[in-house]
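Residues per chain, in single letters:
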Amino acid sequence: MLWATRISNIRLYQYHRSLLFTAPHSFRTKLNFSSLSQPQRYCYLDEDCDDFLPWLEQKAGAKISSVLSIGKSAFGRSLFASKSIQTGDCILKVPYSVQITPDNLLPEIKSLLGDEVGNIAKLAIVILCEQKIRRKSEWAPYISRLPQPGEMHNMIFWSQDELEMIRQSSVYHETINQKSQTENDFLAIKRALRHDPEILGDITYEGFMHACSLVGSRAWGSTKGLSLIPFADFLNHDGVTEAIVLSDEDKQDSEVIADRDYGPGEQVLIRYGKFPNATLMLDFGFSLPHNIHDQVQVHFNLPHHDLLREMKIDLLQRHCTPPIKDVNGFKSSLESFTIKEVASAKGRGLPQSLRAFARVLSCTTPEELSDLAKEAAQNDGRLARRPLSNRSKEIRAHEKLLLLITQLIEEYNATIKSLVPVNSTPMCVRLAVRRQMARDLLSGELRILNSASMWLKSYCTTLTTTAYHCEDIGDYRAIPG
């Protein structure tokens with residue numbers, strides 16, 4: 001059985017507690033700061049890795065690849081075609097026997113860890129144990145070639161000042177949550193190992209955080225929970241290719257099939273997933289200048305001065321989302337929506353739930369809210385599935401939404417303008433890289449917000465200037481007047 005299931009690192013830290021989100025993708029860390037959609041050629045092979053593939057093949061007792069070589073590109077260590085590759089060729093095959101999983105944990109450590117410690121943390125401990133014994137480790141040729149902390153730009157390594165650059169983005173809070181979960185895992189492991197300090201008594205939070213980032217950026221979902229796949233994790237990302245790493249449970253190996261022809265010397269690329277820059281930066285430590293998969297998560301509140309606030313909260317909670325508590329324990333009306341680029345006339349990319357929220361937000365009487373509740377009852381419980389029958393109220397709802405998005409656009413523009421390039425001195429290289437990543441992230445999300453703004457303006461103009469009618473799909477269609 002072939003499969004390629006991946007779990008986003010944003011959610012994976014919470015996966016062992018609740019199944020919040022799963023998605024097909026891979027985990028990698030590479031310093032990629034531009035699109036890799038064009039063929040990349042290497043200048044020289046990575047002489048430090050001459051012995052790596054022979055070592056891995058000897059360990060596996062099988063051929064891993066006869067068409068790929070390890071080289072260096074502008075994006076770090078990479079894999080290149082050493083001979084011509086045709087579409088459909090199997091270009092590498094890594095047996096499960098040489099993949100590192102949580103099962104590689106020492107039995108004495110495994111017995112001490114409970115379910116509160118997730119697979120990322122467990123696999124991180126495997127790395128730390130192998131690092132501790134250094135050359136005595138059977139995985140030393142692989143472990144020694146993993147990136148060092150100074151080479152990684154995953155957002156968990158960003159300082160608070162650096163994180164302030166992307167405060168407008170939801171990934172700011174996701175990073176804070178990831179840091180908090182990593183700290184909790186570290187404390188849980190320290191408690192579990194306190195009675196046997198000889199095992200990993202010298203473990204530090206910084207070392208654990210680095211190991212977790214290595215796992216979170218390189219591991220693949222597997223029947224073992226997670227798997228590090230040596231050699232395959234040298235492959236770089238291209239957001240438009242169809243090539244991915246597939247696992248074959250019957251053959252007990254992971255393989256990559258070329259989705260196009262490659263000439264000798266071209267860098268071979270795979271797709272980690274259809275990820276926005278927020279995910280690439282948090283999970284993998286790089287961004288793309290123009291990411292076709294960008295999206296933006298927006299949060300809106302019902303104003304406290306709204307006299308119908310409690311009724312609106314009740315309506316939204318009954319038909320949209322469960323109550324959310326703030327840090328003080330009070331119920332909140334915070335709503336979160338993910339917007340993708342809005343390109344079609346029907347507004348695809350603008351969530352129907354967001355438009356429903358705007359319709360609730362714009363209600364001014366209890367009767368209007370009651371009408372929405374009745375509509376929800378008639379539409380499988382979905383709130384405001386269709387446009388409001390009153391044209392002026394529908395316009396008012398979408399103008400309110402347009403105002404909220406316009407405010408976000410102004411905030412994004414102000415922040416982007418403040419991210420001026422820094423001098424490229426050695427002391428400022430890290431800041432320069434991360435500042436560019438912040439610009440890529442915010443510019444992509446701003447592009448999405450601008451597309452939503454343009455659609456909302458067009459929609460309101462259409463309602464103002466043309467006749468219309470309601471359709472089940474939930475949009476007005478312009479009818480010549």
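How each quantity is defined
Residues numbered from 1 in each chain as written. Predicted model: local features only at pLDDT ≥ 70, side-chain atom pairs only at ≥ 80, totals over all residues. Heavy atoms only, no water. Helix = DSSP H or I, 4+ residues; strand = E, 2+ residues; numbered from the N terminus. Buried < 20%, exposed > 50% of the residue type's maximum accessible area, 1.4 Å probe, protein only. Contact = heavy atoms within 4.5 Å. Areas by Shrake-Rupley, 256 points an atom, 1.4 Å probe, with all protein chains shown as cover. Salt bridge = Lys/Arg side-chain N within 4 Å of Asp/Glu carboxyl O. Axes fitted to C-alpha atoms, helices over the stretch in contact; angles between N-to-C directions. Parallel < 35°, antiparallel > 145°, perpendicular 65-115°, else oblique. Left-handed = near helix turned anticlockwise from the far one by under 90°. Arc of directions from axis to C-beta. Pairing = 2+ DSSP bridges. Nonpolar A, V, L, I, M, F, W, Y, C, P; charged D, E, K, R; others polar. Polar contact = N/O pair within 3.5 Å; in protein donor to acceptor, adjacent residues only side chain to side chain. Phe/Tyr/Trp six-rings, centres within 6.5 Å; stacked < 30°, edge-to-face > 60°. Lys NZ or Arg CZ within 6 Å of the ring centre and 35° of its normal. Core = buried A, V, L, I, M, F, W, Y, C linked by side-chain atoms within 4.5 Å.

1. Digging into the overall build of the protein chain
Here is step 1: Helix and strand content of the protein chain: 15 helices and 15 strands.
Here is step 2: When burial is assessed residue by residue, the protein chain has 53% of its 481 residues classed as buried.
Here is step 3: When contacts within the protein chain are restricted to residue pairs at least 6 apart in sequence, long-range pairs at least 24 apart make up 72% of them.
Here is step 4: Carbon together with sulfur atoms contributes 52% to the accessible area of the protein chain, which is approximately 22,400 Å² in total.

2. Here we look at unusual backbone geometry
Here is step 1: Unusually for a residue other than glycine, R134 sits at a positive phi of about 50°.
Here is step 2: With respect to the helices, strands and loops of the structure, R134 is situated in the loop between α4 (119–133) and α5 (140–143).
Here is step 3: Positioned with a positive phi, Q252 is a non-glycine residue whose angle comes to about 60°.
Here is step 4: Structurally, the position occupied by Q252 is in the loop between β9 (245–248) and β10 (253–257).

3. Some thoughts on the pattern of salt bridges
Here is step 1: Counted according to the given criterion, the structure contains 16 salt bridges.
Here is step 2: In this structure, E266 and R260 form a salt bridge, with 3.2 Å as the shortest nitrogen-oxygen distance.
Here is step 3: Exposure remark for E266: the relative accessible area of 9% places this residue in the buried category.
Here is step 4: Ionic pairing is found between R309 and E310, a salt bridge with its closest N-O pair at 3.7 Å.
Here is step 5: Because the salt bridges share partners, they merge into one network encompassing E162, R430 and R434.

4. A few points about the packing of helix α7 (residues 171–193) against helix α9 (residues 205–218)
Here is step 1: Between α7 and α9, the shortest axis-to-axis distance is 10 Å and the interhelical angle comes to 120°. Of the possible angle classes, the one that applies to α7 and α9 is oblique. The hand of the α7/α9 crossing is right-handed. Residues K179, T182, E183, D185, F186 and I189 of α7 touch α9, and the partners they reach there are Y205, F208, M209 and C212.

5. Focus on helix α11 (residues 309–319)
Here is step 1: Those residues of α11 that sit buried are R309, K312, I313, L315, L316 and H319. The arc that holds the buried residues of α11, viewed along the axis, is 165°, so those residues lie on one side.
Here is step 2: Close packing links the buried residues of α11 with β15 (335–340), α12 (352–361) and α13 (366–378).

6. Digging into the pairing of β15
Here is step 1: In β15, alternate side chains face the same way, and those of E335, F337 and I339 are buried while those of S336, T338 and K340 on the opposite face are not.
Here is step 2: Where strand β12 (residues 295–300) lies against β15, six bridges are found, and the strand directions are antiparallel. Within β15, the position partnered with F300 by the bridge is E335.

7. Observations regarding the packing of helix α14 (residues 391–418) against helix α15 (residues 429–465)
Here is step 1: The N-to-C vectors of α14 and α15 enclose an angle of 155°; their axes lie 9 Å apart at closest approach. With respect to α15, the element α14 is oriented roughly antiparallel. Between α14 and α15 lies a crossing whose hand is left-handed.
Here is step 2: Partitioned by chemical class, the residues of the contact of α14 with α15 number 17 nonpolar, eight polar and seven charged.

8. Here's the deal with the side chain of E445
Here is step 1: Within the secondary structure, E445 is located in helix α15.
Here is step 2: Reaching out from E445, the side chain makes a polar contact with the side chain of S169 at a distance of 3.0 Å.
Here is step 3: Residues within four places of E445 in sequence aside, it is in contact with S169, A278, Q295, V296 and Y412.

9. Re the packing of aromatic side chains
Here is step 1: By the definition in use, this model includes twelve aromatic pairs.
Here is step 2: Taking the centre distance of 5.3 Å and the plane angle of 50° together, the rings of F52 and F234 count as tilted. Residue F52 is located in helix α2 (residues 52–60), and its partner F234 is located in the loop between β7 (225–227) and β8 (236–237); the two are separated by 182 residues in the primary sequence. There is no split in this pair, since F52 and F234 are both buried.
Here is step 3: In textbook terms, an aromatic cluster arises when at least three aromatic residues are bridged by ring pairs, as seen for F52, W55, W139, F231 and F234.
Here is step 4: The ring of F234 carries R77 above its face, with NZ or CZ at 5.7 Å from the centroid.

10. Quick notes on the nonpolar core
Here is step 1: Membership of the largest hydrophobic core comes to 75 residues, with the highest contact counts inside it found for F52, L68, I85, L92, F208 and F231.
Here is step 2: With nine residues, the top contributor of residues to this core is α4.
Here is step 3: Sequence-distant contacts of F231, that is, excluding residues within four places in its chain, are made with F52, L53, L56, I64, S65, L68, I70, L79 and L92.
Here is step 4: Grouped together as the second largest cluster of nonpolar side chains are 59 residues, M165, L302, V342 and L401 included.

11. Considerations on the pairing of β9
Here is step 1: Examined bridge by bridge, β9 and β10 share four bridges and lie antiparallel to one another. Bridged to L246 within β10 is E255.
Here is step 2: Hairpin remark: β9 followed by β10, antiparallel, with four residues in the connecting loop; positive phi at Q252, about 60°.

12. A word on the environment of L53
Here is step 1: As for its position among the elements, L53 is in helix α2.
Here is step 2: Since its relative accessible area comes to 13%, L53 is described here as buried.
Here is step 3: Distance in space between the C-alpha atoms of L53 and K63 is 9.3 Å, their sequence separation being ten residues.
Here is step 4: The residues contacting L53, other than those within four sequence positions of it, are I64, S65, L68 and F231.

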